[in-house]
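Spelled out, the chains give:
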Amino acid sequence: MAAFAEAPVVLRRFAAERDWAGLEALYDRYWIALAAEYPEELAAAVSEMPVSVLHERPRLLFAALAARQALACRNGEQLYPYLRQYQDIGARLANEFDPASESSADNLVVFGSAVLTWLRLQGRFAEGESLGSRVSDRLAELSPVRGVEPVPRPGWLALQRALTRTMSGDFPGAAEQYRVAHEQARTEDVAFYAGARAAANLAMLFAQLGHHGAVHHWLGQLRSYPPLGPGTRFIVGEGGRIAEGWQALDRYDRAAVDAVLDEIGDGTRQTELWPFVTALSVARALHFGDPVVALESLETIRLSHDPGVTGRVSRRRCWNVLARICCSRAARPTGHCGSWRTAVRTRPICCCPRPGCGC
């Protein structure tokens, strides 16, 4: 396998020689990094492929999609087109993908993650969790050493399972899978993106609970990964920035909170973590004296999300997630969040699924 620094030359050679098996193997090894660091070269290579090759080697469809997205959005913030197309691929695969009959570990991770993401974006969390479990079990069966799970695209499947649990409000279950993703990708020097995002999201989950020691630990783990390029820095590190925003809010550091929100937005951007961004944005307004504006902004934020991408998530379940975030902050021990607890309990409607919740 070619070293990552040699990838541009190798990509040009594969395209000239029409070596699609070599291209597929190179993308399987470096995947997101290849699209993030060498989007022009990857896009040029996949543009040479006949359509028949995509039918024979469908994993290369994801290479083409990733290259186009990297070229279209260098700063990594506008994820909407990628989510839309990734969802469409997942929808097409859903009727055909059967983990039990799949013998390729690479196909299991790539196709299984795509279908799982589609289910999550449709709000079908239980089905997504079931699929993720079946894919993981099948990967374990294919392991050369019984019980040792092979990890093509290290941490990617575990990250998708964790995101599914996050968006369903199962934060303890999400933390479990985020740890798996971090452990699988931790030793990667190039294909480490899933592990870095897992560390960022673990920091976010602990920050909403006010566990500052755990937040510090996971932010440290995030920073221990190699530097991220501009095309991946935003989406990979978004959870870490949310965590830093909560820390700043607990310090009453208005300038630091505003700096975070200037970067990640107010919840209107098309990213899956928008309920968590919204919670921070609303908490900031409540903290610093704008409760009416904060509550009025929730409807604007909800209407900013396309039901075609986020499905029932935007209309129902994400508000349950948002309520759980509010509850977790409100239930914290005494400290620097008294005004936040009081403000949260003035909410006129509780949509948290927990019986007897007083948020």
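Relevant structure appears above.
Residues numbered from 1 in each chain as written. Predicted model: local features only at pLDDT ≥ 70, side-chain atom pairs only at ≥ 80, totals over all residues. Heavy atoms only, no water.

Colleague: Hey, could you run me through the environment of Tyr252 in this one?
Modeller: The topology assignment puts Tyr252 in the loop between helix 13 (233–250) and helix 14 (254–264). Here the alpha-carbon distance between Tyr252 and Phe288, two residues 36 residues apart in the chain, equals 8.9 Å. (Helix = DSSP H or I, 4+ residues; strand = E, 2+ residues; numbered from the N terminus.)

Colleague: Explain unusual backbone geometry to me, please; I cannot follow it from the model alone.
Modeller: What you tend to see is this: most non-glycine residues have negative phi, and most peptide bonds are trans. Positioned with a positive phi, Arg153 is a non-glycine residue whose angle comes to about 50°. Mapped onto the fold, Arg153 is located in the loop between helix 8 (125–142) and helix 9 (156–168). Of note, Tyr252 is a non-glycine position whose phi angle comes to about 60°, a positive value.

Colleague: It is not clear to me how the pattern of salt bridges should be interpreted in this structure. Could you clarify?
Modeller: Side-chain pairing between opposite charges can occur once the charged atoms of the two side chains come close. If you walk through the whole model with that rule in mind, you get 17 salt bridges. A salt bridge links Arg59 to Asp28; the nearest nitrogen and oxygen atoms lie 2.7 Å apart. Taken together, the residues span a long stretch of sequence, with Arg59 in helix 5 (residues 59–72) and Asp28 in helix 2 (residues 20–37) at a distance of 31 residues. By the burial criterion, Arg59 is buried, and Asp28 matches it. When the shortest N-O distance is used, the salt bridge between Glu176 and Arg165 registers 3.5 Å. Here Glu176, found in helix 10 (residues 171–185), pairs with Arg165, found in helix 9; they are eleven residues apart in sequence, far enough to count as distant. Look at the salt bridges and you will find they share partners, linking Glu24, Asp28, Arg57, Arg59, Asp106 and Arg153 into a network. (Salt bridge = Lys/Arg side-chain N within 4 Å of Asp/Glu carboxyl O. Buried < 20%, exposed > 50% of the residue type's maximum accessible area, 1.4 Å probe, protein only.)

Colleague: So what exactly am I meant to see when it comes to the packing of aromatic side chains here?
Modeller: Working definition: an aromatic ring pair is given by the centre-to-centre distance plus the angle between the planes. This structure, assessed with the given rule, holds seven aromatic pairs. On the basis of an interplanar angle of 50° and a centroid distance of 5.1 Å, the ring pair of Phe4 and Tyr38 is categorised as tilted. Taken together, the positions of Phe4 in the segment before helix 1 (7–17) and Tyr38 in the loop between helix 2 and helix 3 (39–47) put the pair 34 residues apart, joining distant regions of the chain. For the pair Phe4 and Tyr38, a shared accessibility class is recorded, and that class is buried. Taking 6.0 Å as the distance between ring centres and 55° as the angle between the ring planes, the aromatic pair formed by Phe171 and Phe276 counts as tilted. Of this pair, Phe171 sits in helix 10 while Phe276 sits in helix 15 (residues 274–287), placing them 105 residues apart in sequence. There is no split in this pair, since Phe171 and Phe276 are both buried. Of the aromatic side chains, those joined through ring pairs into one cluster are Phe4, Tyr30 and Tyr38. (Phe/Tyr/Trp six-rings, centres within 6.5 Å; stacked < 30°, edge-to-face > 60°.)

Colleague: Whenever I open this one, helix 12 (residues 212–224) confuses me. Can you help?
Modeller: Since the α-helix advances by 3.6 residues per turn, residues separated by three or four positions end up pointing in the same direction. Taking 1.5 Å of rise per residue, 13 residues should cover 18 Å, and helix 12 covers 18 Å from first to last C-alpha, within 8% of that figure. The inward-facing, buried residues of helix 12 abut helix 10, helix 11 (193–209) and helix 13. (Expected span 1.5 Å × (residues − 1). Contact = heavy atoms within 4.5 Å.)

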